[in-house]
Amino acid sequence: MNAHFVAGLAVEAGTILERRPGARVVRVKWGTDIVTEADEASERFLRQEILRHYPDHRIVGEEFGSSEAEAAWEWFLDPLDGTVNFSRGNSYFAVSIALAHHGVAQVGAVYRPLTGELFLAERGRGATLNGEPLRVSDAGQVGEGIFILDWGRQTSRRDTFGVLGAIFYAANKIRSFGSAALDLCSVAAGQLEGFIHPGLAPWDFAAGQLILEEAGGTVTALEGGPRTIEAGSVAATNGHVHAEVLGLLRPGAAPSR
Ligand code: 2AM
Ligand code: CA
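### Here's the deal with the coordination of the calcium ion (ligand 2)
Line of reasoning, step 1. Here the calcium ion (ligand 2) is held by the protein donor atoms E62 (OE), D78 (OD), D81 (OD) and D204 (OD), which lie 2.0 to 3.1 Å from it.
Line of reasoning, step 2. Mapping the donors of the calcium ion (ligand 2) onto the primary sequence gives the spacing E-x15-D-x2-D-x122-D. Highlighted residues: D81 in strand β5 (residues 73-81) and D204 in helix α6 (residues 202-214), separated in sequence by 123 residues. Judged on exposure class, the residue D81 and its partner D204 are both buried.

### Section: the domain arrangement of the protein chain
Line of reasoning, step 1. By domain assignment, the protein chain separates into domain 1 (3-133) and domain 2 (142-249).
Line of reasoning, step 2. With centres defined by C-alpha atoms, the gap from domain 1 to domain 2 works out at 20 Å.
Line of reasoning, step 3. Between domain 1 and domain 2, the residue contacts involve 34 residues of the former and 22 residues of the latter.
Line of reasoning, step 4. Summed over both sides, the interface between domain 1 and domain 2 buries roughly 2200 Å², with carbon and sulfur atoms accounting for 67% of that surface.
Line of reasoning, step 5. On the surface where domain 1 and domain 2 come into contact, there are zero salt bridges.

### With respect to the site of ligand 1
Line of reasoning, step 1. Around ligand 1 sit 19 residues, and of these D81, G82, Q154, A180 and D204 come closest.
Line of reasoning, step 2. Within the contact set of ligand 1, an oxygen atom lies 3.4 Å away from a backbone nitrogen or oxygen of T83.
Line of reasoning, step 3. Within the contact set of ligand 1, a nitrogen atom lies 2.6 Å away from a side-chain nitrogen or oxygen of D204.
Line of reasoning, step 4. Protein coverage of the free-state accessible area of ligand 1, which is 480 Å², stands at 88%.

### Some remarks on the packing of aromatic side chains
Line of reasoning, step 1. In total, this model carries eight aromatic pairs according to the counting rule given.
Line of reasoning, step 2. Look at Y54 and W75: their rings are 6.3 Å apart centre to centre, the planes differ by 35°, and that puts the pair in the tilted class. Residue Y54 is located in the loop between α2 (37-53) and β3 (58-61), and its partner W75 is located in strand β5; the two are separated by 21 residues in the primary sequence.
Line of reasoning, step 3. Under the relative-accessibility criterion, W75 is labelled buried at 0%.
Line of reasoning, step 4. Measuring from ring centre to ring centre gives 5.5 Å for F161 and F168, while their planes differ by 65°; the resulting arrangement is edge-to-face.
Line of reasoning, step 5. Every member of this aromatic cluster is reached through a ring pair, and the members are F5, Y54 and W75.

### Topic: the pattern of salt bridges
Line of reasoning, step 1. Summed over the entire model, instances satisfying the criterion amount to five salt bridges.
Line of reasoning, step 2. E43 is the salt-bridge partner of R47, the closest N and O atoms lying 3.0 Å from each other. Residue R47 and its partner E43 are located together in helix α2, separated by four residues, close to a single helical turn. When sorted by exposure, R47 lands in the same class as E43, which is buried.
Line of reasoning, step 3. We note a salt bridge from R112 to E117, for which the minimum N-O separation is 3.7 Å.

### Points about the sheet that holds β3
Line of reasoning, step 1. A sheet is described by the order of its strands in space; here eight strands give the open sequence β4-β3-β5-β6-β7-β8-β9-β10, paired in mixed fashion. With one partner strand each, in any of the chains shown, β4 (65-66) and β10 (132-133) form the two edges of the open sheet.
Line of reasoning, step 2. Here six bridges tie strand β7 (residues 104-112) to strand β8 (residues 117-122), and the two strands are oriented antiparallel to one another. Bridge pairing in β8 links R112 to E117.

### Brief notes about the sheet that holds strand β13 (residues 194-200)
Line of reasoning, step 1. Strand order in the open sheet formed by five strands is β12-β11-β13-β15-β14, and the pairing between neighbours is mixed. A strand with exactly one partner marks an edge of an open sheet, and here the two such strands are β12 (173-175) and β14 (218-220). Looking at each pair of strands side by side, their axes are set apart by 20° on average, direction ignored.
Line of reasoning, step 2. Two elements, β13 and strand β15 (residues 232-237), share five bridges in a ladder whose sense is antiparallel. Each bridged residue has a counterpart across the sheet, and for F195 the counterpart in β15 is A236.
Line of reasoning, step 3. Sheet strands in contact with helix α4 (residues 157-170) are β11 (146-149), β12 and β13, and its direction is about 170° off that of β11.
Line of reasoning, step 4. Strands in contact with α6 are β13, β14 and β15; relative to β14, the strand with the most contacts, it is inclined by about 150°.

Procedures and definitions
- Residues numbered from 1 in each chain as written.
- Chains lettered and ligands numbered in written order.
- Predicted model: local features only at pLDDT ≥ 70, side-chain atom pairs only at ≥ 80, totals over all residues.
- Heavy atoms only, no water.
- Donors = N, O, S within 2.8 Å, 3.2 Å for Na, K, Ca; no water.
- Helix = DSSP H or I, 4+ residues; strand = E, 2+ residues; numbered from the N terminus.
- Buried < 20%, exposed > 50% of the residue type's maximum accessible area, 1.4 Å probe, protein only.
- Domains from an automatic or database assignment.
- Contact = heavy atoms within 4.5 Å.
- Buried area = accessible area lost by both parts, 1.4 Å probe.
- Salt bridge = Lys/Arg side-chain N within 4 Å of Asp/Glu carboxyl O.
- Near = heavy atom within 4 Å.
- Polar contact = N/O pair within 3.5 Å; in protein donor to acceptor, adjacent residues only side chain to side chain.
- Areas by Shrake-Rupley, 256 points an atom, 1.4 Å probe, with all protein chains shown as cover.
- Phe/Tyr/Trp six-rings, centres within 6.5 Å; stacked < 30°, edge-to-face > 60°.
- Pairing = 2+ DSSP bridges.
- Axes fitted to C-alpha atoms, helices over the stretch in contact; angles between N-to-C directions.

Below, the structure written as C-alpha cells:
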C-alpha cells in the first residue's frame, strides 16, 4: 500500500475543511457533540476517492458508518477530529485516516490543515512529520512529564476522574486539547509524555496509535491490555513512563500530592 496515497487523501480532505471555517452545524448528537457540514463534506470526499481506487475495501467512518460486508483491508476515517474546536475557530483539529489489514493498522496519516502538519507512519518504517523522523521524548518519570487527560462522552466526569485522578496529581503538568488524533501525534513528536482517554472509537486513535508506536511510544488499554482496533480506552505514552502510568491508573492508586 502506498503511504503517499493515504497522505494525499488526508491533505485533500484537510483542504476541504480549511475552505469552510466554522461551517454550519447540521446535527447535534448531544450537547457540544456536533456534526458540521464540513465533517460530512470531508468524509464524502474520502469515501468517494477510496472506493474509486479500491472498490473491495471496507470503510468505517465517523459520520456515515460502515458496511456489514467483511474485507481484508479496512479504512478508519475521522473526517474532522476535534469538531468542537473547529466550530469555535480553534486550529486544533485534524483529518485522521488509518488503513488496516486484517485488523492491524498498516498506514496512518493525521493532517492538521491550518498549520500544514502532516504526521505519517507506515508499519515497520517509522513515523514522520512533514518528512522529518519523529521520536518520543526521553523522560522516564511521570513526575517530570506533561500529560493530556481527556473525557469521553459516555462516562460521567466523576467516574472518569476516579480513574485518571492519580495521573492528575502525579504529573508535572496536565493538558486537554480536544483532538485525540493530534494528541497521539504530539506524544509521538516528543512534545508531551502521554495521553489518556477513557473511551475512543477506532477512527479517533488507529492512525495516531501507529504514528506513536512507530515513533517509539507505547499504546495500551487503560487496564494494560493490547489496544486492538475496537473502541475502548487508550493509555498512550513515550514508553519509558508506561509501567508507572498503568500503575497509577489501577483502582485505588493513591494521589501522590
Ligand atoms: P470528535 O472530535 O471526533 O468528537 C475529545 O475528547 C476527543 O475524543 C476527540 O478526538 C473526540 O472526537 C473524541 N471522543 C470523545 N468522546 C468520544 C466517544 N465517546 N467516542 C468516540 N470519540 C470520542
Ligand atoms: Ca473523532
